[in-house]
Amino acid sequence: MIRSIVLGSGSYLPEKIVTNADLSATVDTSDEWIRTRTGICERRFAAEGEKTSDLAFRAARAALDAARIGAQDIDLIVCATTTPDETFPAVATMVQARLGMTRGAAFDVQAVCSGFVFALAVADNFIRTGTVKRALVIGADCMSRLMDWNDRTTCVLFGDGAGAVVLAADEGAGDSRDRGILATAIFSDGRMHDLLYVDGGPSSTGTTGHLRMQGKEVFRHAVNNIASSMEAAAKAAGVAISDVDWFVPHQANQRILDGIAKKLGIDEAKVVSTLALQGNTSAASVPLALTAAVADGRVKPGDLLLLEALGGGFAWGAALLRW
Ligand code: UT7
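For the structure given in this document, a descriptive report is provided here. (Residues numbered from 1 in each chain as written. Predicted model: local features only at pLDDT ≥ 70, side-chain atom pairs only at ≥ 80, totals over all residues. Heavy atoms only, no water.)

1. So, the overall build of the chain
- Of the regular secondary structure elements, the chain holds 10 helices and 13 strands.
- For the chain, whose C-alpha radius of gyration is 18 Å, the value lies close to the compact-globule estimate of 20 Å for 323 residues.
- Overall, the C-alpha framework of the chain stretches about 55 × 45 × 40 Å when taken along its three principal axes.
- Burial status across the chain gives 57% buried among its 323 residues.
- Across the chain, contacts joining residues at least 24 apart in sequence account for 76% of those joining residues at least 6 apart.
- Within the chain, the 37 negative side-chain charges are centred at a point lying 3 Å from the centre of the 31 positive side-chain charges. (Helix = DSSP H or I, 4+ residues; strand = E, 2+ residues; numbered from the N terminus. Rg over C-alpha atoms; globule rule 2.2 N^0.38 Å. Buried < 20%, exposed > 50% of the residue type's maximum accessible area, 1.4 Å probe, protein only. Contact = heavy atoms within 4.5 Å. Lys, Arg positive; Asp, Glu negative; His and termini not counted. Charge placed at Lys NZ, Arg CZ, Asp CG, Glu CD.)

Have a look at this one:
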């Protein structure tokens, strides 16, 4: 059975650090409120002129270096983003050009904060059907560009960043001891549009628009939907949640991570959290957390990882993979 194994991962954070205290200078908020309600202490913002493709390119370059392969060895780039440089073309094609990759295909996936999990599912299916041998999967967003700075309920939550993994086809036995992606489970429910959306776009207002969120409602759905998609992925792979070594969640709110851990009986020490220093980086948050846990030695070869996310749409899902 063909499996998609991870050859390497990489990430990039813009240099500019914005602390809660920095935000409090211009927004009616406080370090105490943000810290206790979300777990966020600071986040990174892209510099003026720095674009999503710049972040995505740097993360992609780092992932290729970690995988020790060149861009010409890649057959497919799938980039998850909600904040493309331009309405078209895809950020993935901009990264393709900058990497010097002149073959294969590159396109974007739009599933907002769950984009990386969706992009991983797309690339995994291309690999498992034998269509491509190696894929670069990127999650990159400049969420700071979608903020309404007069809306304190949203503008304190988000940050910018990018993360990426290189996937390659490998022969597995077809059971849960295989390396690589063991299962993905993705879902969406378009009826939830009004709870989380951007109030602009090329075919409506002709503007970029700002992010709008009914936070409390999103919070309520997040814990339940994410937990059930994690259970669906575990069931599809034939493993128990208790077998998982590391949970690599989308970073929206520390209280959501704690709620899911409690609901599924997960030891909090197994949950990778980057919220404090990065905030919510949308499609970048899962690969940023993954790369952090690999870099500091927590994730070791053979470990079982459960990735999950929920975002606008709603779109949500989980992916189970053995490192
Ligand atoms: O990544 C996509 C998925 N997104 C999520 O999963 C986000 C899910 N939602 C959340 O994380 C939380 O709902 C928030 C962090 C957005 C909000 O936390 P909350 O505990 O649900 O707060 P709330 O919206 O119920 O607001 C509580 C109070 C309100 O004041 P009153 O009405 O009680 O007087 C707000 O006006 O906190 C006030 N408030 C703030 N105060 C200081 C809201 N935002 C702020 C702020 N600073 N930034």
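What follows continues from the structure just given.
2. Brief notes about the packing of aromatic side chains
- If you walk through the whole model with that rule in mind, you get 3 aromatic pairs.
- A centroid spacing of 5.9 Å and a plane angle of 25° characterise the contact between F187 and W316, whose relative ring orientation is stacked. Of this pair, F187 sits in strand 8 (residues 180–188) while W316 sits in strand 13 (residues 315–322); the two residues are 129 residues apart in sequence, bridging distant segments of the chain.
- You can call F187 partly exposed: its relative accessible area is 33%. (Phe/Tyr/Trp six-rings, centres within 6.5 Å; stacked < 30°, edge-to-face > 60°.)

3. Here we look at the site of the ligand
- Taken together, 23 residues sit near the ligand, with T29, R37, H250, N253 and N280 positioned nearest.
- Measuring from a nitrogen atom of the ligand, one finds a side-chain N or O atom of T29 at 2.7 Å.
- K216 has a polar side-chain atom sitting 2.9 Å from an oxygen atom of the ligand.
- When contributions to the shell around the ligand are tallied by element, the ones reaching two or more residues are helix 2 (31–38), helix 6 (152–155), helix 7 (215–237) and helix 8 (254–264).
- Among the elements that line the shell around the ligand, the one with the most residues is helix 7, at 4 residues. (Near = heavy atom within 4 Å. Polar contact = N/O pair within 3.5 Å; in protein donor to acceptor, adjacent residues only side chain to side chain.)

4. Points about unusual backbone geometry
- A cis geometry characterises the amide bond from F88 onward to P89, with omega recorded as 0°.
- Take P89: it is sitting in the loop between strand 4 (76–80) and helix 4 (91–99).
- A cis amide bond links G313 to the next residue, F314, at an omega of -10°.
- For F314, the location among the structural elements is in the loop between strand 12 (304–311) and strand 13.
- A positive phi angle, near 55°, is found at R68, a position not held by glycine.
- Within the element layout of this structure, R68 appears in the loop between helix 3 (52–67) and strand 4.

5. Observations concerning helix 8
- Considered for burial, the residues of helix 8 that qualify are I256, L257, I260, A261 and L264. Viewed along the axis of helix 8, the buried residues span an arc of 135°, placing them on a single side of the element.
- Looking at the buried residues of helix 8, the elements they touch are helix 7, strand 11 (246–249), helix 9 (275–278) and strand 12.
- Capping of helix 8 at its N-terminal end is provided by N253; its side-chain oxygen lies 2.8 Å from the backbone amide nitrogen of R255.
- Once helix 8 finishes, G265 follows within two positions and takes phi at roughly 70°, a positive value. (Arc of directions from axis to C-beta.)

6. A few points about the sheet that holds strand 6 (residues 134–142)
- As summarised here, the arrangement of the 5 strands in space is 1-7-6-4-5, forming an open sheet in which the pairing is mixed. Since the sheet does not close on itself, it has two edges, and those belong to strand 1 (2–12) and strand 5 (105–109), each with one partner. Across this sheet, the average inter-strand angle for adjacent strands is 20°, counted without regard to direction.
- In this structure, strand 4 lies alongside strand 5, joined through 5 bridges in parallel fashion. In the strand pairing of strand 5, L76 is matched with A105.
- Sheet contacts for helix 3: strand 1, strand 6 and strand 7 (160–171); angle to strand 1, the most-contacted strand, approximately 125°. (Pairing = 2+ DSSP bridges. Axes fitted to C-alpha atoms, helices over the stretch in contact; angles between N-to-C directions.)

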